[in-house]
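Topology and contacts: notes
Chain by chain, the residues run as shown.
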Amino acid sequence: MPSNFKTRLFLILFFAGMTGVMSFLLVDLAALVALFPVPEGSEATTITPAIKLLSVIQPTVLLAVAVLIGVLLANRVGLSSPFAESVAAGHPAFATLKPQLAPGLLGGVVGGVSILVTAALFRSLLTAEVIARISKFGTFLPLPTRLLYGGITEELLLRWGLMTLFVWAAWRIFQKARNEPGRNSFIGAILLSSFIFGLAHLPVALLLLGQPTAAIVLFVVIANSAFGVIAGYLYWKYGLESAVIAHMLTHVVLATASYVGMYF
């Protein structure tokens with residue numbers, strides 16, 4: 001790929017991901033932090049504009065690294081972002097969304113339902129206080145943040161960056177004799193990146209819910225990992241945008257379920 005194409009692709013994906021990072025500024029951090037249990041004798045953190053701005057620096061750096069990894073390695077392992085790549089190449093782009101749309105929509109519905117089913121199975125194992133905290137936490141995350149950060153930024157971090165890296169590493173370590181990664185490289189990368197996706201939600205969950213229990217840990221990891229498998233498969237078979245569509249729709253399903261009282 002010409003370097004100028006890679007530069008354009010990097011910028012397109014990076015700025016797309018930054019819409020999600022910047023949407024985090026819509027979150028009322030003061031109200032959110034007030035929800036976290038404060039150890040006895042400790043003082044609650046005061047949220048200043050500087051702290052709020054600093055909160056976007058880490059995801060910005062991680063986003064830049066993830067986008068760069070994908071730009072350098074995705075094409076080499078047979079993964080792609082068809083829409084972004086068409087835009088970067090100066091080709092008509094919207095036609096590339098058509099084959100990704102139906103799988104993405106289906107994946108979003110299945111992903112949302114899988115999380116709802118997981119929540120229903122674990123609900124009886126969670127205390128009333130934990131359920132109340134989860135429910136209240138959801139009210140502090142505006143839908144634009146869920147759609148942009150979850151749908152775009154997280155897919156760039158976990159699929160375009162991390163999953164791509166895992167596919168490439170598995171290929172170069174275990175399948176050197178092949179001209180391209182085999183099926184097992186993709187399956188392993190999907191499962192590992194999905195598990196990491198689930199684990200990545202634990203710090204905030206444990207900070208929010210206090211003392212960790214097996215039920216809390218299993219619920220957070222299983223619910224998020226299950227969707228990660230769906231998104232990883234879509235990225236592999238159809239392209240990054242199908243995973244983005246699925247992730248966005250999953251948040252719509254969960255937000256709708258919360259509104260009608262079917263999800264925390």
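Please refer to the structure higher up on the page.
About the criteria used
Position numbers for residues start from 1 in each chain and track the written sequence from start to end. Under the rules for a predicted model, residues below a pLDDT of 70 receive no local features and side-chain atom pairs below 80 are neither given nor counted, while totals for whole chains, interfaces and linings still include all residues. Computation of side-chain values: all heavy atoms of the structure, hydrogens and water removed. Runs of E in the DSSP output that reach at least two residues are strands. Runs of H or I that reach at least four are helices, and both are numbered from the N terminus. Burial classification: accessible surface area is computed with a 1.4 Å probe over protein chains only, and a residue below 20% of its type maximum counts as buried, one above 50% as exposed, and the rest as partly exposed. All accessibility values rest on the Shrake-Rupley procedure with a 1.4 Å probe; residue burial counts only the protein chains present in the view. By the counting scheme adopted, Arg and Lys are positive, Glu and Asp are negative, and His together with the chain ends is not counted. A charged residue contributes its charge at one atom only: NZ of Lys, CZ of Arg, CG of Asp or CD of Glu. Here, a salt bridge means any Lys or Arg side-chain nitrogen found within 4 Å of an Asp or Glu carboxyl oxygen. In this description, a nonpolar core means a group of buried Ala, Val, Leu, Ile, Met, Phe, Trp, Tyr and Cys residues linked to one another through side-chain atoms lying within 4.5 Å. Note on contacts: a residue pair is in contact if any heavy atoms of the two residues lie within 4.5 Å. Fitted lines through C-alpha atoms give the axes, limited to the stretch in contact for helices. The angle between two N-to-C directions lies from 0 to 180 degrees. Small angles under 35 degrees read as roughly parallel and large ones over 145 as roughly antiparallel, with 65 to 115 read as roughly perpendicular and the rest as oblique. By the definition used in this description, the sense in which the near helix is turned from the far one sets the handedness, with an anticlockwise turn below a right angle giving left-handed and a clockwise turn giving right-handed. Ten residues, namely Ala, Val, Leu, Ile, Met, Phe, Trp, Tyr, Cys and Pro, are considered nonpolar, four, namely Asp, Glu, Lys and Arg, are considered charged, and the remaining ones, Gly among them, are considered polar. To estimate how far a helix should extend, the number of its residues minus one is multiplied by 1.5 Å. Any Phe, Tyr or Trp ring, taking Trp's six-membered ring, that has another such ring centre within 6.5 Å forms a pair; planes under 30 degrees apart are called stacked, those over 60 apart edge-to-face, and the others tilted.

Secondary structure summary: the protein chain contains 12 helices and zero strands in total. The secondary structure elements of the protein chain, listed N-terminal to C-terminal, are α-α-α-α-α-α-α-α-α-α-α-α. Overall, the C-alpha framework of the protein chain stretches about 60 × 40 × 35 Å when taken along its three principal axes. The buried share of the protein chain, taken over its 264 residues, is 45%. Summed over all atoms, the accessible surface of the protein chain reaches about 13300 Å², with 71% contributed by carbon and sulfur. Each charge sign in the protein chain was given a centre, from 15 positive and 9 negative side chains, and these centres are 13 Å apart.

This part is about the pattern of salt bridges. Tallying each qualifying case throughout the model produces two salt bridges. Note that Arg133 is salt-bridged to Glu129, the shortest N-O span being 3.5 Å. Here Arg133 pairs with Glu129, and both are found in helix H7 (residues 128-139), just four residues apart, close to one helical turn. In this structure Glu129 comes out as exposed when scored by relative accessible area, which is 53%.

The next subject is the environment of Lys98. Checked against the element boundaries, Lys98 lands in helix H6 (residues 98-123). The exposure class of Lys98 is exposed, given its relative accessible area of 69%. When the C-alpha positions of Lys98 and Ser242 are compared, they lie 9.7 Å apart, and in sequence the two are 144 residues distant.

A few words now on the nonpolar core. Formed by 68 residues in total, the largest nonpolar core has its most connected members in Trp160, Phe219 and Tyr263. Looking at this core element by element, the count peaks at 12 residues for helix H11 (residues 214-237). Filtering out sequence-adjacent residues up to four positions away, Tyr263 remains in contact with Ile115, Leu116, Ala119, Phe219, Leu254, Ala257 and Ser258.

Let us now look at the packing of helix H1 (residues 3-23) against helix H5 (residues 82-89). In the contact formed by H1 and H5, the axes pass within 9 Å of each other and the chain directions differ by 130°. When the axis of H1 is compared with that of H5, the two are oblique. With respect to the hand of their crossing, H1 and H5 are arranged in right-handed fashion. Seen from H1, the contacting residues are Phe5, Arg8, Leu9, Ile12 and Leu13; seen from H5, they are Ala84, Glu85, Val87, Ala88 and Ala89. A per-class count over the contact of H1 with H5 returns eight nonpolar, no polar and two charged.

Moving on, we get to helix H12 (residues 240-259). Here H12 spans 29 Å end to end across 20 residues, near enough to the 28 Å set by a 1.5 Å rise per residue. Looking only at H12, the buried set comprises Leu240, Glu241, Ser242, Ala243, Val244, Ile245, Ala246, His247, Thr250, His251, Leu254 and Ala257. Considering only its buried residues, H12 is in contact with H1, H5, H6, helix H8 (143-174), helix H9 (183-200) and H11. Phi turns positive one or two residues past the end of H12, at Gly261, with a value near 85°.

Note that Val204 resides in helix H10 (residues 202-209). Through-space distance from the C-alpha of Val204 to that of Phe36 is 9.4 Å; in sequence the pair is 168 residues apart.

So, about the packing of aromatic side chains. Tallied over the full model, the rule gives eight aromatic pairs. Centroid distance Phe197 to Phe227: 6.5 Å. Interplanar angle 55°. Geometry classified as tilted. Of this pair, Phe197 sits in helix H9 while Phe227 is found in helix H11, placing the two residues 30 residues apart along the sequence. For Phe227, a relative accessible area of 3% gives the class buried. Three or more aromatic residues joined by ring pairs form one cluster here, namely Phe10, Phe14 and Phe15.

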